[in-house]
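Descriptive analysis of the structure
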Amino acid sequence: MAPQILPIVPATRFDAFAHLHGHTFTPEHEDLEECAIDIRNIGWTLGNDCPYHCHHCYSTSARQDGRSLTPPLIDRIVAQLALNGIETVNLGGNEPLFTNGLRIQDSLLPYIVGRLHDAGIEVGLTTAGITLVALAKHYPDVLPLLNDVDVSLDSPFEDEHNANRGAAIYREALKALEICREHRIERSIIMCAMDWNFDRAHLDALIAVARRYDANIRINPIKTVEAQHVPLKLTAQTYFEGFAHLMQACECIDLGEPPLAATSRIPDAKGCPCGRTSFRIHSIKPDGTIPVSPCVYLHDYKVGDLGTEELADIVRSPEFRTFRRRNARPDRIPGCSGCDLLATCRGGCAARSYLARAHESGEQALFTRDPYCPKQHASASAIPHVPSLVDGVNLVHKDYLCTWIGRPRAASAQEPA
């Protein structure tokens with residue numbers, strides 16, 4: 001089914017843009033203990049500009065035309081990351097080439113990659129294709145510095161992908177995958193799972209593309225950051241049946257989606273990583289500040305200014321501590337106490353839980369149960385048990401975001417659906 005032009009969605013009591021105009025965060029359960037801070041994997045939205053108009057974009061509501069990055073500011077941020085033991089950085093959010101507007105010659109991306117690499121931090125890119133193609137053409141010396149690249153495909157079918165992106169860029173994505181293969185850069189196809197692209201026909205075609213380019217597959221179920229995203233969300237049945245199909249056809253590299261980790265019986269799963277092992281650096285604001293948030297999708301939790309404040313203080317802010325309290329005490333999430341999957345699910349994805357409740361009722365509470373709670377939905381039983389994950393694959397999105405990463409099995413070894 002081709003993506004539809006989104007209908008006008010009636011406004012909910014949740015304003016996705018309120019964070020741009022003031023403080024929208026309210027702490028919860030301040031009396032509870034929190035889990036340990038073990039932040040190693042982060043994301044960084046470099047700029048405010050992007051030439052595409054993806055229907056599902058989660059960062060549009062957090063990006064404002066503002067000041068440009070400068071080498072001294074980049075040096076300051078990289079130094080803070082190194083000081084705090086950050087191991088991996090994914091550069092994404094907007095199209096990462098456009099750090100300082102849409103002119104390629106103004107981009108500081110090569111400088112950023114170089115500084116991170118010099119600091120011993122592994123670097124990944126998430127791109128629609130154009131960033132990697134431009135680097136290969138204009139800055140080929142940057143390619144060996146990349147640990148891995150995620151190339152976005154909203155659909156394995158060219159017309160659908162281009163329609164959802166608002167631009168004819170499907171072939172740029174394939175070109176980027178080919179460049180990665182030629183340069184032996186680890187690569188994944190990243191697809192945002194929506195109501196129209198997460199059926200067997202799309203998934204089988206996606207697996208075929210991944211096999212063609214010897215690529216991994218990474219899936220982010222859409223988060224309803226804005227009201228216009230609500231019609232695109234997956235039903236619980238589509239969520240579990242789609243992932244079950246993928247997990248039969250692929251070896252699992254990372255089970256960062258808490259409902260999947262819990263039902264797969266992965267013993268060391270620890271729930272949502274946000275604020276615990278990961279966070280997001282947001283793009284520079286018009287006033288020159290660079291806020292940080294525990295989760296890339298929850299802009300209400302943006303806090304601080306990494307350009308002037310110590311990162312060690314920012315990650316100990318009330319915004320971050322609320323995430324860690326939710327992870328440490330999922331029994332305080334209504335509906336979760338006593339569940340036999342609590343130790344591994346831990347209430348599920350914090351962002352999905354928060355946003356679902358906010359759009360449905362207007363309440364903004366992080367201590368909310370994931371709408372894909374496996375105990376509530378019979379379709380969760382379709383998820384196969386996973387005795388172990390693929391070892392030895394180093395990707396910047398492992399233990400960063402609630403995401404799933406898999407590697408297609410050889411066609412002859414694919415388990416029957």
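Residues numbered from 1 in each chain as written. Predicted model: local features only at pLDDT ≥ 70, side-chain atom pairs only at ≥ 80, totals over all residues. Heavy atoms only, no water.

**Comments concerning the overall build of the protein chain**
Within the protein chain, the secondary structure is distributed over twelve helices and ten strands. A globule of 417 residues ought to have a C-alpha radius of gyration of about 22 Å, and the protein chain, at 20 Å, matches this closely. With the principal axes as the frame, the protein chain shows a C-alpha extent of 55 × 55 × 45 Å. Of the contacts formed within the protein chain by residues at least 6 apart in sequence, a portion of 76% connects residues at least 24 apart. Here the protein chain holds 41 positive side-chain charges and 51 negative ones, and the gap between their average locations is 2 Å. (Helix = DSSP H or I, 4+ residues; strand = E, 2+ residues; numbered from the N terminus. Rg over C-alpha atoms; globule rule 2.2 N^0.38 Å. Contact = heavy atoms within 4.5 Å. Lys, Arg positive; Asp, Glu negative; His and termini not counted. Charge placed at Lys NZ, Arg CZ, Asp CG, Glu CD.)

**Overview of the environment of E226**
One can find E226 in the loop between β6 (216-221) and α7 (236-249). Placed 210 residues apart in sequence, E226 and A16 show a C-alpha to C-alpha distance of 5.6 Å.

**Side note on the nonpolar core**
Ranked by internal contacts, the top residues of the largest apolar core, which has 83 residues, are W44, L81, L91, F279 and W404. Top contributing element to this core by residue count: α7, with eight residues. Counting 22 residues, the second largest nonpolar core, distinct from the first, contains Y301, A350, Y400 and C402. (Core = buried A, V, L, I, M, F, W, Y, C linked by side-chain atoms within 4.5 Å. Buried < 20%, exposed > 50% of the residue type's maximum accessible area, 1.4 Å probe, protein only.)

**Considerations on the packing of helix α6 (residues 200-212) against α7**
Interhelical geometry of α6 versus α7 gives an angle of 30° and a closest axis separation of 10 Å. Compared by their axis directions, α6 and α7 come out roughly parallel. As α6 runs across α7, the sense of the crossing is right-handed. Contact with α6, carried on its side by R200, L203, D204, I207 and R211, involves G242, H245, L246 and A249 of α7 and no other residues of that element. A class-by-class count of the residues in the contact of α6 with α7 yields four nonpolar, two polar and three charged. (Axes fitted to C-alpha atoms, helices over the stretch in contact; angles between N-to-C directions. Parallel < 35°, antiparallel > 145°, perpendicular 65-115°, else oblique. Left-handed = near helix turned anticlockwise from the far one by under 90°. Nonpolar A, V, L, I, M, F, W, Y, C, P; charged D, E, K, R; others polar.)

**Brief notes about the pattern of salt bridges**
Under the counting rule described, the total for this entry stands at 20 salt bridges. Here D75 and R115 are joined by a salt bridge, their closest N and O atoms 2.9 Å apart. Of this pair, D75 sits in helix α1 (residues 71-83) while R115 sits in helix α2 (residues 109-118), and the two are 40 residues apart along the sequence. Given a relative accessible area of 25%, D75 falls into the partly exposed group. (Salt bridge = Lys/Arg side-chain N within 4 Å of Asp/Glu carboxyl O.)

**Some words on the sheet that holds strand β2 (residues 88-92)**
Across the sheet, ten strands lie side by side as β7-β10-β6-β5-β4-β3-β2-β1-β8-β9; this open sheet has mixed pairing. Edge positions in the sheet fall to β7 (250-255) and β9 (292-293), since each has one partner strand and no second. As paired strands, strand β3 (residues 122-127) and strand β4 (residues 146-152) are joined by five bridges and run parallel to one another. Note that in β4 the partner of V123 across the bridge is L146. (Pairing = 2+ DSSP bridges.)

**Notes on the packing of aromatic side chains**
Under the criterion given, the structure shown has nine aromatic pairs. On the basis of an interplanar angle of 90° and a centroid distance of 4.8 Å, the ring pair of Y239 and F240 is categorised as edge-to-face. On the basis of relative accessibility, which here comes to 0%, the residue Y239 falls in the buried class. For the ring pair Y239 and Y372, a centre distance of 4.2 Å and an interplane angle of 25° mean the geometry is stacked. Taken together, the positions of Y239 in helix α7 and Y372 in the loop between α12 (350-361) and β10 (404-408) put the pair 133 residues apart, joining distant regions of the chain. Each member of the pair Y239 and Y372 is classed as buried. Taken together through their ring pairs, the aromatic side chains of F198, Y239, F240, F243, Y372 and W404 make up a single cluster. (Phe/Tyr/Trp six-rings, centres within 6.5 Å; stacked < 30°, edge-to-face > 60°.)

Bear in mind that shape data such as this cannot, by itself, settle questions of function.
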